[in-house]
Every structure is written in C-alpha cells, then in structure tokens.
Amino acid sequence: FFTYSRQAYAILALSIALIAARRNLLLVIPAILALVAYDQWAPDAVGERIAMTDQSDEFGSQKFDASTESRFELWDAAWSMFLDHPSGVGLGHFKAHIGEYAPKYAGMDAHNFYALFLAETGLVGVLLLAGALTALVSFAWKTWRRARSTEAKALAIGFPLTVFALLAGNLYGSRLLDGAVTGNIWILAAAVLRFGMLSDQLEEEKAQQARLPAVAAPGSGRTLGGAGARMSGRDAAAGGPR
C-alpha cells in the first residue's frame, strides 16, 4: 500500500467484495459502486498511480505503462525458457537466463511467481506447487465452513482472505518463498491448524463427559448430573442401592 501498488489495491477491492458477499449478497452492489468511484474518496496519489496504467503515445494511441508492459514480455520470456528447458533451469537461476530471451531485462525477476517457478522447476515443480496450494485452499475452505465459536468465525473470515491475497499477490510478483513477506502467512496457517485441533479436542472432551455414567451423591436421593434413576429413601438411608 505504501508503495502505491496497483496489485494491492485490486486485492483489497476484491477482498472487500468477498466480505460483503459473505455478510449479504445485496451488500456487494454498494461495495462495488464504492470501489468503482475510488477517485472520489481515495488519496490523490492512489488515483494518479492507477491512471498511470494506461498512457498515450505521441500518436495518441493507448498503451500500457512501461512497468505493466515489461510484465507481459517477462512472462513470454519465461514461457520460452520453459519450452527450452522442460525440467527447469534450476531454482534461483531465472535471473541468470532471462537475458538470453529478453536481453533488455537481463538479471530481472519474472514478477509472477507461477511463471518464475515454471521456468525454474519445470512441469514437475509446478505440479507439486499446484498440489501444495490446492491443499492450502482446501484447508482455508474447511476453516470457513466449520467455524462455530466467535473466535473460529473471526479466523474463518481472515484466513481464507489471507490465502486469497497470497495467491493473487503472486500473479504480479514473486514473493511466495520470500520469508520477509510471506513468512507470517505460513505461521498464521500453522496457528489456525493448531486452533482447530484444540477446538476439536475440547469438543471431544465435552462429548466424553456427556457420555459418562451418573454418580450417586452420598446421602442424597438423586444422582449427580441429573442422569439415572432416583434412589429410594430406604436405599439412600442404607448408604446406597443394595
């Protein structure tokens, strides 16, 4: 946000729409209208940054700004790199090879983690990545669906949106394996998993307590917990049932 990333604005807008849809589908309409009219309430610097995406050349024709245009060229080069090296060029070697396919971008990052991973690890690496991300999305979905307590419902909103932001954020950047940027997300995932395990354990303990046989209270004519048949007065006086 502080670097006026257009990607961050887009992810924020979609996240707000998703939150509104979860609350009430009718809230999506005013949310979208507010987002479309961002120039009426967003800081001027934000509007200027978004407006930079489309520019006009000296002949008046529309084109993307240099930053956006470079992304498309880098992604094309990453695809060509994969075609030449189906098994990948090796982790961390994209920058060393990109100059062979796009000389003016020598030494640069792909600015798309999926394109970067495809070029560096090949088809096998991408399939493994797809499996890992599918499991993460499935876990986020289960967190959303299983929430019962207030705390679980808070996580059921925050964690899936975090996963969504993670996946979307790597379409225009390459930060999935950057600990300084993404490390807290993996920590959050572990915390949510542990929270779910503790919640399940607590529910199981409650269920076991509910199944325990009733214990007669000494000297009384009833059982603890209200379960079981009452003892007669004679049995109670005698110290219990015969």
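Heads up: these notes are all about the structure in this document.

Conventions adopted
Residues numbered from 1 in each chain as written. Predicted model: local features only at pLDDT ≥ 70, side-chain atom pairs only at ≥ 80, totals over all residues. Heavy atoms only, no water. Axes fitted to C-alpha atoms, helices over the stretch in contact; angles between N-to-C directions. Helix = DSSP H or I, 4+ residues; strand = E, 2+ residues; numbered from the N terminus. Parallel < 35°, antiparallel > 145°, perpendicular 65-115°, else oblique. Left-handed = near helix turned anticlockwise from the far one by under 90°. Contact = heavy atoms within 4.5 Å. Nonpolar A, V, L, I, M, F, W, Y, C, P; charged D, E, K, R; others polar. Phe/Tyr/Trp six-rings, centres within 6.5 Å; stacked < 30°, edge-to-face > 60°. Buried < 20%, exposed > 50% of the residue type's maximum accessible area, 1.4 Å probe, protein only. Lys NZ or Arg CZ within 6 Å of the ring centre and 35° of its normal. Polar contact = N/O pair within 3.5 Å; in protein donor to acceptor, adjacent residues only side chain to side chain. Salt bridge = Lys/Arg side-chain N within 4 Å of Asp/Glu carboxyl O.

Looking at the packing of helix α6 (residues 113-146) against helix α8 (residues 179-211)
Okay, step 1: Between α6 and α8, the least distance of the axes is 12 Å, while the angle of their chain directions is 45 degrees. Taken as axis vectors, α6 and α8 run oblique relative to one another. Here α6 and α8 pass one another in a crossing that is left-handed. Together, Leu136, Phe139, Thr143 and Arg146 of α6 and Trp186, Ala189, Val192, Leu193 and Asp200 of α8 make up the contact between the two elements.
Okay, step 2: A class-by-class count of the residues in the contact of α6 with α8 yields six nonpolar, one polar and two charged.

Structural notes on the packing of aromatic side chains
Okay, step 1: Enumeration over the complete set of coordinates arrives at six aromatic pairs.
Okay, step 2: Arranged with centres 6.3 Å apart and planes meeting at 75 degrees, the rings of Trp75 and Tyr172 form a pair that is edge-to-face. Of this pair, Trp75 sits in helix α4 (residues 66-84) while Tyr172 sits in the loop between α7 (150-169) and α8; the two residues are 97 residues apart in sequence, bridging distant segments of the chain.
Okay, step 3: Overall, Trp75 belongs to the partly exposed group, its relative accessible area being 22%.
Okay, step 4: Classification of Tyr172 as partly exposed rests on a relative accessible area of 21%.
Okay, step 5: Taken together, a centroid distance of 5.2 Å and an interplanar angle of 25 degrees make the contact between Phe113 and Phe117 stacked. Separated by four residues within a single helix, Phe113 and Phe117 lie in helix α6, roughly one turn from each other.
Okay, step 6: Overall, the relative accessible area of 3% leaves Phe113 in the buried class.
Okay, step 7: The lysine or arginine in question, Arg71, covers the ring of Tyr172, its NZ or CZ lying 4.3 Å from the ring centre.

Quick notes on the side chain of Thr121
Okay, step 1: Structurally, the position occupied by Thr121 is in helix α6.
Okay, step 2: A distance of 2.6 Å separates a polar atom in the side chain of Thr121 from the backbone oxygen of Phe117.
Okay, step 3: Not counting the four nearest positions on each side in its chain, Thr121 is found in contact with Ser87, Gly88, Leu91 and Val126.

What about the pattern of salt bridges?
Okay, step 1: Tallied over the entire structure, the rule returns three salt bridges.
Okay, step 2: In this structure, Asp200 and Arg146 form a salt bridge, with 2.9 Å as the shortest nitrogen-oxygen distance. Here Asp200 is found in helix α8, whereas its partner Arg146 is found in helix α6, with 54 residues between them in sequence.
Okay, step 3: Using a relative accessible area of 39% as the deciding quantity, one classes Asp200 as partly exposed.
Okay, step 4: The salt bridge partner of Arg211 is Glu204, with a shortest N-O separation of 3.6 Å.
Okay, step 5: Given a relative accessible area of 57%, Arg211 falls into the exposed group.

With respect to the environment of Ser70
Okay, step 1: Along the chain, the position of Ser70 falls in helix α4.
Okay, step 2: For Ser70, a relative accessible area of 8% gives the class buried.

These figures come from the coordinates and say nothing about function on their own.
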